[in-house]
Amino acid sequence: MHDVEAVVLVGGKGTRLRPLTLSAPKPMLPTAGVPFLAHLLSRIRAAGVRRVVLGTSYLAETFSEAFGDGAELGLELVYVVEDQPMGTGGGIRNVAKHLTTEHVLVFNGDVLCGTDLNAVVDTHRRTDADVTLHLVRVQDPRAYGCVPTDADGQVLQFLEKTEDPPTDQINAGCYVFRRSVVDSIPEGRPVSVERETFPGLLAAGSRVSGHVDNAYWRDMGTPADLIHGSADLVRGVAPSSALPGPPGESLVLGGAKIADGALVFGGTAVGRGVVIGAGARVEGSMLFDGAVVGEGAVVEHSVIGAGARVDEGARVDETVVGDRAVVGAHCELRRGMRIWPDVVLPPHGVRFSPDV
């Protein structure tokens, strides 16, 4: 991989993950014990790539504060700030002057994937492609852009979300670009690779290849996907060498206190200094640093933000609780609710059942 470097697009605001992204960019959210981006960087390094350019924008300083020059990760990290939203293609073009190799691996920074990156690059070289796309097969492709290919793996079309997709192959958000293609993207304006760059290459007769596999893949754009992806990392279902502990039913970081009789399982990530009370039940959830789960409380498939509290007997299911918020005793929060940072719900203040 001596002639390959990586670009990771991490400039988005992550609005679908609010309130979690009010204080941190999506790729910096604690996921299975480390910032989500750390899992991707570990895979890039394992593939043999040593130089990574990060295209940042929203809360850009948090990336360099966390990773520095990349030396501790065995990487050289370069940070490029995008002054205004430029789309996927514009974001790639914005970092062009910092690229030094013939081939460029490009990643969307919010995708959790287990594909063999060396195999993707091998497909790119073998087919002498201008651009190669990693494609994954999904059960329901209607929510994604579909990418049909011919028998030789050449991409035929780029189809946006449709109710009658002709293939189960979707764009997985990982590409290999020939450097000359990066330089051909229009500069200084928003560009979508899906709607403009890739269709334009096909129209011009360029070789656009597809590398199709069944590797683990998840778009981490919604709270449900973030929670599920974190649990998969903790349990070892999704591969990562950045996991700060052995895979298992839970990952417990330093200083956390779990009382006797509490159940913590299902791939739950327990942050530093978290306290879980006696008789509590926590399943498949993310507890950020300093969170507190009271005695007898139940937390299922939820995110409890940094310093937030779920008091005695409360039940939190498929819910995001923002930093420092308080869910009062015996409250019941369900299915898609979001509590903003510092909000305090009084005991019994929100319930779904009539019991008191």
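Residue indices follow the written sequence of each chain, beginning from 1 at its first position. The predicted origin of the model limits local features to residues at a pLDDT of at least 70 and limits the giving and counting of side-chain atom pairs to 80 or more, whereas totals for whole chains, interfaces and linings rest on all residues. Note that the side-chain values use all heavy atoms of the structure and ignore hydrogens as well as water.

**So, the overall build of the chain**
Alright, step 1. Numbering of helices and strands starts at the N terminus; helices are DSSP runs of H or I of at least 4 residues and strands are runs of E of at least 2. Helix and strand counts for the chain stand at seven helices and 28 strands.
Alright, step 2. Taken along the three principal axes of its C-alpha coordinates, the chain extends 70 × 45 × 35 Å.
Alright, step 3. Buried, partly exposed and exposed residues are distinguished by accessible area as a fraction of the type maximum, computed with a 1.4 Å probe on protein chains only: under 20%, between the cut-offs, and over 50%, respectively. Expressed as a percentage of its 356 residues, the buried residues of the chain come to 55%.
Alright, step 4. Counting contacts in the chain only where the partners sit at least 6 residues apart, residues at least 24 apart contribute 51% of the total.
Alright, step 5. Accessible surface area values rest on a Shrake-Rupley calculation with a 1.4 Å probe, where residue burial reflects the displayed protein chains alone. For the chain, the accessible area works out to roughly 14800 Å², and carbon and sulfur atoms hold 49% of it.
Alright, step 6. Between the mean site of the 32 positive side-chain charges and the mean site of the 44 negative ones, the chain shows a separation of 1 Å. When checking whether two residues touch, look at their non-hydrogen atoms; a contact exists if any pair is within 4.5 Å. For the charge count, each Lys or Arg is scored as positive and each Asp or Glu as negative, with His and the chain ends excluded. Positions of charges follow a simple convention, taking NZ of Lys, CZ of Arg, CG of Asp or CD of Glu.

**Some details on the pattern of salt bridges**
Alright, step 1. Here, a salt bridge means any side-chain nitrogen of Lys or Arg that lies within 4 Å of a carboxyl oxygen of Asp or Glu. As enumerated under the stated definition, the model contains 19 salt bridges in all.
Alright, step 2. We note a salt bridge from Arg 309 to Asp 311, for which the minimum N-O separation is 2.9 Å.
Alright, step 3. For Arg 309, a relative accessible area of 35% corresponds to the partly exposed category.
Alright, step 4. Judged by its relative accessible area of 19%, Asp 311 is buried.

**Some points on the side chain of Asn 171**
Alright, step 1. As for its placement among the helices and strands, Asn 171 is situated in strand S9 (residues 169-178).
Alright, step 2. Definition of a polar contact: a pair of N or O atoms within 3.5 Å, with one able to donate and the other able to accept a hydrogen when the atoms are protein atoms, and with sequence-neighbouring residues admitted only if both atoms are side-chain atoms. Of note is the side chain of Asn 171, whose polar atom sits 3.0 Å from the backbone nitrogen of Gly 173.
Alright, step 3. Side chain to side chain, Asn 171 and Tyr 175 meet in a polar contact 3.0 Å long.
Alright, step 4. Sequence-distant contacts of Asn 171, defined by excluding residues within four places in its chain, comprise Leu 133, His 134, Leu 135, Gly 145, Val 147, Glu 194 and Trp 217.

**Things to note about a nonpolar patch on the surface**
Alright, step 1. The grouping of Leu 22, Trp 340 and Val 343 at the surface amounts to a nonpolar patch, some 250 Å² of accessible area in total.
Alright, step 2. Of note, Trp 340 is situated in the loop between strand S27 (338-339) and strand S28 (344-345). To count toward a patch, a residue needs a relative accessible area over 30% and no salt bridge; like charges are then connected within 9 Å, while nonpolar side chains (Val, Leu, Ile, Met, Phe, Trp, Tyr) are connected within 5 Å.

**Structural notes on the state of the cysteines**
Alright, step 1. Disulfide: a pair of cysteine sulfur atoms within 2.5 Å of each other. Taken as a whole and assessed by the stated rule, the structure comprises zero disulfides.
Alright, step 2. No disulfide involves Cys 174; its sulfur sits 6.9 Å from the nearest other cysteine sulfur, which is in Cys 113.

**Here's the deal with the pairing of strand S1 (residues 4-9)**
Alright, step 1. With respect to burial, S1 is a largely interior element, six of its six residues being buried.
Alright, step 2. With burial as the criterion, each face of S1 is covered, one bearing Val 4, Ala 6 and Val 8 and the other bearing Glu 5, Val 7 and Leu 9.
Alright, step 3. DSSP-based pairing: two strands are paired if at least 2 bridges between them are found. As paired elements, S1 and strand S6 (residues 103-108) share six bridges and run parallel to each other. Residue Val 8 lies in a different strand from S6, and its bridge partner there is Phe 107.
Alright, step 4. Alignment of S1 against strand S4 (residues 51-56), held across four bridges, turns out to be parallel. What sits directly across from Val 8, in S4, is Leu 54.

**Brief notes about the sheet that holds strand S25 (residues 326-327)**
Alright, step 1. A sheet is described by the order of its strands in space; here six strands give the open sequence S13-S16-S19-S22-S25-S28, paired in parallel fashion. Looking at strand neighbours, the two that pair on one side only are strand S13 (257-258) and S28, the edges of this open sheet.
Alright, step 2. Bridging between strand S19 (residues 292-293) and strand S22 (residues 309-310) involves two bridges; their strand directions are parallel. Directly across from Val 293, in S22, lies its bridge partner Val 310.

**Some remarks on the sheet that holds strand S15 (residues 268-270)**
Alright, step 1. Sheet architecture is open: six strands sit in the order S12-S15-S18-S21-S24-S27, paired in parallel fashion. A strand with exactly one partner marks an edge of an open sheet, and here the two such strands are strand S12 (250-252) and S27.
Alright, step 2. Summarising the sheet, strand S24 (residues 320-321) and S27 pair through two bridges and their orientation is parallel. Looking at S27, one finds that Val 320 is bridged to Arg 338.

**Some points on unusual backbone geometry**
Alright, step 1. That bond from Arg 18 to Pro 19 is cis: its omega, 10 degrees, falls within 30 degrees of zero.
Alright, step 2. Position of Pro 19 relative to the elements: it lies in the loop between S1 and strand S2 (30-31).
Alright, step 3. Within the chain, His 301 stands out as a residue other than glycine whose phi angle is a positive 50 degrees.
Alright, step 4. As for its position among the elements, His 301 is in the loop between strand S20 (298-300) and strand S21 (303-304).
Alright, step 5. When its relative accessible area of 34% is taken as the criterion, His 301 is described as partly exposed.

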